[in-house]
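Each chain is listed here by its residues.
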Amino acid sequence: MNELNINIEKGTSLTQDAFIRLRKNKMAMIGLCILIFFIAIALLTPLIAPYTYEGQNLELGATSPSQQHWLGTDVLGRDQLTRIMYGSRVSLMVGFIATAVALLIGVLWGATAGFLGGRVDAIMMRIVDALYALPFTIFIILLTVIFGSSMLLLFLAIGAVEWLTMARIVRGQVLTIKRQEFVEAAITMGLSPWQIITRHLIPNVLGPIIVYTTLTIPSVILLESFLSFLGLGIQPPQSSWGSLISGGTETMEEYPWLLVFPGLALSLTLFSLNFLGDGLRDALDPRASKD
Amino acid sequence: MLSVKNLRVVFNTRNGTTVAVDDLSFELNAGEVLGIVGESGSGKSVACYSLLGLIPMPPGKIEKGSAEFLEQDLLRMNEAELRKIRGHKISMIFQDPMTSLNPYMRVVDQLMESVQEHHPVSRKEARQRAINALNEVGIRDVEVRIDDYPHQFSGGMRQRVMIAMALITEPQLLIADEPTTALDVTVQAQILTLIKNLQKTRNLAVIFITHDLGVAAQMANHILVMEKGKVVEQGTTEQIFKTPTQAYTQKLLSAVLTTAKPTASLAEITEPPFLQIKQLKTYFPQFGGAFIKRLISVVKGVDDISLTINRGEILGVVGESGSGKSTLGRSIMRLVDAQSGEILLEGKDLRTFSLHELQKSRRDFQMIFQDPYASLNPRMTVFDALAEPLLIHGLATDENVLTQVNQLMDDVGLDRRFIRKYPHEFSGGQRQRIAIARAIALKPKLIIADEPVSALDVTIRAQILALLLELTRKHRLTMLFISHDMSVVRYLCDRVVVMQNGKLVEEGATEQLFAAPKEVYTQQLLAAIPRL
């Protein structure tokens, strides 16, 4: 109970508190370090990559890891390490930006629908249902036909589907807490609906939001490879983790390293995200033990 | 019959070992009623649960002691042996009859299950016993109602079913854990009489766990007072109430409110009246139907109520659950929308305000809620919770908000050092102080307090009531005080209105109403208060 004499004058906000608690969580910190490492590599790739991502060596063909090619080469003789590094740029960007878009729209949409309730809620959630019912593949093909292929469209397409589930989760959570007395107390204090949603409701549904976010990022990364296959997003010879993994599965009996290494990169990201997510969830809940 | 010696129960948690029950000894003979009284956390329930192996182990652990029941030590029994005793020789009644009955099982099946578990009888015989048991606890039309599900019974009826279930196996010892705490006063009086009668006719031994000294006085021959896991005092009921020797017992007894309001009324009559409610109606339409919604019924929460509160007055609103007293408070706060009527605060009708006007004028009327555990945002520190209303209404700037919050903390008797703590780090009483501080932060003219002390222990309750009295004087507050507890209302309020089924039954100055209630319903309410 030494927080009695910590700095009463300045005090700590919830986010500062959370950061202090997060730092004590070893697994979360390891996860954070791995993520930062991956992001740093992705940013520095053009400077540090040993080869170019499209440079082929057809004579060499697929080779297992060696001195010259640490993670081996693919069937066209392209350096696997380089391709994974370039791939991380696309995959992490898609993963984080598309998830951020989904998060922003989904949380605000869900919280607003849940809090206002009644007719507004019914209309907002029917819109979500309608979008859910749209066949995703057809939606994507339509987009590509009309707008052609671009990264921006990729974010848009992924964002357009991923926020739906988030909105439903947040709405459900908000429905359960909006009848609690502290929300009514906020109403009686004269807070506007917007202030209540942002100050009282969203902070109290952070737990499920964070958990779902950490699950969304890897699924978005894999979704990208599917979209690229349909022609939206990146095109060969550019690489992404998703396309490397799907390429690797085709040749996994002959050249397993083509599947193992990109798969490893994705799994490590996923684990780090999960540990960080769990850590954040606990850190943001003042009721979790503080010893 | 039951002899407990030196019982010690501990809980091993991450933060160290907590002693829940320490060195508890008592004896109980057939036909006796032992009342165990204490505040929450005193270990009174844990002690009884551990006798029957009903505490989770680990983290719980019975460190030492013995409990001889009919020449067998309960604490040395394994689970299979205990199961033969539980629900057979020793039965229990719990506080909340809704959660202790299985909502998916017919009442008759639940009763028959416990009969057949312990007696080798046919289904027909078991059903007959179930009918007899329900008859005995005073359920009407048993033949029809026996096939109902628990939710089809009212709270008091459900508790009767629980009692029938506890007694159907013909136990020798009955453990009743706060069996009437969740019930209305008039229902509580009926259930207590029922338990008392059954105890006499069957010559049962009963352990009656309660926080309510009045109930204990009415039920028990012997009383055992517990505090923080230890026995403070034990003796016959008369000894404990007439000549308590320990300071804690005296404190508990003095916290029971039997007196009238200690200070004079500060009410002043103004024109227009401070708060005037005219023909207020708050209805809740109930919709049904599979495809097309249609109106099936209307629940009349507040049904045509008119009343006036003068400036500086504390008006009590009493009634049982479902009487509409909370709906009245919430309608005035505009947390629910009234159907029709006027709510005139200093002559202005709150019902005509636009959303924006309402948000701005809300600083004039504030609310204190019942449950201090739910009414504070768990992710806001005390500082944030108290600073929020001040900053939003522009009553403080970023520079002087800390000073103002500190002042509020002083006002409600909270230590300034706790300002950066979160609600879960406080006790129930302290949390209610935070909630009160938040309500008075905006210097409101009117405070609506909805059962603000019902969730608190008796000694804490007395402190909070004293605080409310002091604050209303200091800040010249007007208060609408909603409560089901007649003694609390008598202590605090200048004037009282009695509500039943959404309607106003009786109205009058507090002492007048208590001395000479005119309406039958008011008389019933007053008669149902357990007395020391």
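These lines cover the structure that appears in this document, whether it is placed above or below. (Residues numbered from 1 in each chain as written. Chains lettered and ligands numbered in written order. Predicted model: local features only at pLDDT ≥ 70, side-chain atom pairs only at ≥ 80, totals over all residues. Heavy atoms only, no water.)

**Structural notes on the overall build of chain A**
If you tally the helices and strands in chain A, you get 11 helices and 0 strands. Along chain A, helices and strands appear, N-terminal first, in the series α-α-α-α-α-α-α-α-α-α-α. C-alpha atoms of chain A, sized along the principal axes, occupy 75 × 50 × 30 Å. A burial count over chain A gives 46% of its 291 residues as buried. Contacts in chain A between residues at least 24 apart in sequence constitute 74% of all its contacts with a sequence separation of at least 6. When the accessible surface of chain A is totalled, it reaches about 14600 Å², and 68% of it is carbon and sulfur. (Helix = DSSP H or I, 4+ residues; strand = E, 2+ residues; numbered from the N terminus. Buried < 20%, exposed > 50% of the residue type's maximum accessible area, 1.4 Å probe, protein only. Contact = heavy atoms within 4.5 Å. Areas by Shrake-Rupley, 256 points an atom, 1.4 Å probe, with all protein chains shown as cover.)

**Examining the overall build of chain B**
In terms of regular secondary structure, chain B is built from 20 helices and 20 strands. Along the longest, intermediate and shortest principal axes, the C-alpha atoms of chain B span 75 × 55 × 50 Å. Counting all 532 residues of chain B, 55% fall into the buried class. The long-range share in chain B, meaning contacts at least 24 apart out of those at least 6 apart in sequence, stands at 68%. Of the roughly 23300 Å² of accessible surface on chain B, 49% is carried by carbon and sulfur atoms.

**Considering the sheet that holds strand 1 (residues 2–13) of chain B**
Remark on secondary structure: sheet strands pair via backbone hydrogen bonds, oriented parallel or antiparallel. All names here are of chain B. Spatial ordering of the open sheet is given by 2-1-4-5, a layout of 4 strands whose pairing is antiparallel. Of all the strands in the sheet, the pair left with one neighbour each is strand 2 (16–28) and strand 5 (72–73). In the sheet, strand 1 pairs with strand 4 (residues 60–69) via 8 bridges, with the strands oriented antiparallel. Paired with R8 across the two strands is K64, which belongs to strand 4. Most of the contacts of helix 1 (residues 44–51) go to strand 1, to which it runs at about 110°, and overall it touches strand 1, strand 2 and strand 4. (Pairing = 2+ DSSP bridges. Axes fitted to C-alpha atoms, helices over the stretch in contact; angles between N-to-C directions.)

**Quick word on the environment of D147 of chain B**
Residue and element names in this part refer to chain B. Checked against the element boundaries, D147 lands in the loop between helix 6 (142–145) and helix 7 (155–167). For D147, a relative accessible area of 31% corresponds to the partly exposed category. Sequence-wise, D147 and V107 are 40 residues apart; in three dimensions their C-alpha atoms are separated by 6.2 Å.

**Comments concerning the packing of helix 7 of chain B against helix 8 (residues 185–202) of chain B**
Residue and element names in this part refer to chain B. Following both chains from N to C, one finds helix 7 and helix 8 inclined at 15°, their axes separated by 10 Å at the closest point. Of the possible angle classes, the one that applies to helix 7 and helix 8 is roughly parallel. For the element pair helix 7 and helix 8, the recorded crossing hand is right-handed. Residues G156, Q159, R160, I163 and L167 of helix 7 lie in contact with helix 8, whose contacting residues are V187, Q190, I191, L194, I195, L198 and R202. A breakdown of the residues in the contact of helix 7 with helix 8 according to their chemical character gives 7 nonpolar, 3 polar and 2 charged. (Parallel < 35°, antiparallel > 145°, perpendicular 65-115°, else oblique. Left-handed = near helix turned anticlockwise from the far one by under 90°. Nonpolar A, V, L, I, M, F, W, Y, C, P; charged D, E, K, R; others polar.)

**Brief notes about the packing of helix 3 (residues 80–116) of chain A against helix 10 (residues 241–250) of chain A**
Each packed pair of helices is defined by two parameters, the angle between the axes and the distance between the axes. Residue and element names in this part refer to chain A. In the contact formed by helix 3 and helix 10, the axes pass within 7 Å of each other and the chain directions differ by 125°. Accordingly, the angle class assigned to the pair helix 3 and helix 10 is oblique. Here helix 3 contributes R83, I84, G87, S88, S91 and L92 to the contact with helix 10, which in turn contributes W241, G242 and L244. Its residues assigned to classes, the contact of helix 3 with helix 10 shows 4 nonpolar, 4 polar and 1 charged.

**Some remarks on the packing of aromatic side chains**
Using the criterion set out here, one finds 7 aromatic pairs over all chains in the structure. Pairing F271 of chain A with F275 of chain A gives two aromatic rings, centres 6.5 Å apart and planes at 20°, and the pair type is stacked. With F271 of chain A and F275 of chain A both in helix 11 (residues 257–283), this residue pair falls 4 residues apart, about one helical turn. If you follow R145 of chain B out to its NZ or CZ, it ends over the ring of F153 of chain B, 4.2 Å from the centre. The residue whose ring lies beneath R420 of chain B is F383 of chain B, and the NZ or CZ to ring-centre distance is 4.2 Å. (Phe/Tyr/Trp six-rings, centres within 6.5 Å; stacked < 30°, edge-to-face > 60°. Lys NZ or Arg CZ within 6 Å of the ring centre and 35° of its normal.)

**A closer look at the sheet that holds strand 14 (residues 340–345) of chain B**
Residue and element names in this part refer to chain B. With respect to topology, 4 strands assemble into an open sheet ordered 12-11-14-15, the strand pairing being antiparallel. At either end of the open sheet lies a strand with only one pairing partner, and these are strand 12 (294–309) and strand 15 (348–349). Alignment of strand 14 against strand 15, held across 2 bridges, turns out to be antiparallel. For L344, the partnering residue across the bridge sits in strand 15 and is D349. Where helix 12 (residues 325–332) meets the sheet, its contacts fall on strand 11 (275–288), strand 12 and strand 14, and the angle it forms with strand 11 comes to roughly 110°.

**Description of the interface of chain A and chain B**
If you look at the interface, chain A gives 35 residues, while chain B gives 34 residues. Of the roughly 3200 Å² buried between chain A and chain B, counting both surfaces, carbon and sulfur atoms make up 55%. There are 2 salt bridges connecting chain A and chain B. The partner of R330 of chain B in a salt bridge is E184 of chain A, and the shortest N-O contact between them spans 2.7 Å. Breaking the side of chain A that touches chain B down by element, the ones donating at least two residues are helix 1 (14–23), helix 7 (181–188) and helix 8 (193–204) of chain A. (Buried area = accessible area lost by both parts, 1.4 Å probe. Salt bridge = Lys/Arg side-chain N within 4 Å of Asp/Glu carboxyl O.)

**Points about helix 3 of chain A**
Its 37 residues place the ends of helix 3 of chain A 52 Å apart at the C-alpha level, agreeing with the 54 Å of an ideal helix rising 1.5 Å per residue. At the C-terminal side of helix 3 of chain A, G117 of chain A shows a positive phi close to 65°. (Expected span 1.5 Å × (residues − 1).)

**A few points about the environment of F426 of chain B**
Residues and elements named next belong to chain B. Positionally, F426 belongs in the loop between helix 15 (401–411) and helix 16 (428–440). For the pair F426 and Y373, spaced 53 residues apart in sequence, the C-alpha to C-alpha distance is 9.6 Å. If we ignore the near neighbours within four places in the chain, the residues touching F426 are V382, F418, K421, R431 and I434.

**Things to note about the pattern of salt bridges**
Where charged atoms of side chains with opposite charge meet at close range, the side chains can pair. Residue and element names in this part refer to chain B. All chains considered together, the criterion is met by 31 salt bridges over all chains. The salt bridge partner of E178 is K44, with a shortest N-O separation of 3.8 Å. Highlighted residues: E178 in the loop between strand 7 (173–177) and helix 8 and K44 in helix 1, separated in sequence by 134 residues. Classification of E178 as buried rests on a relative accessible area of 8%. Between R127 and D147 there is a salt bridge whose closest N-O contact spans 3.7 Å. Here R127, found in helix 5 (residues 123–136), pairs with D147, found in the loop between helix 6 and helix 7; they are 20 residues apart in sequence, far enough to count as distant. When salt bridges that share partners are traced, they join R8, D22, E63 and K230 into one network.

**A few points about the nonpolar core**
All names here are of chain B. If you look at the biggest cluster of nonpolar residues, it comprises 55 residues, and the most contacted ones within it are V405, V412, I436, M479, F481 and L492. When residues of this core are assigned to their parent elements, the largest contribution, 6 residues, is made by helix 17 (residues 458–474). Counting 53 residues, the second largest nonpolar core, distinct from the first, contains M162, L192, L253 and V458. (Core = buried A, V, L, I, M, F, W, Y, C linked by side-chain atoms within 4.5 Å.)

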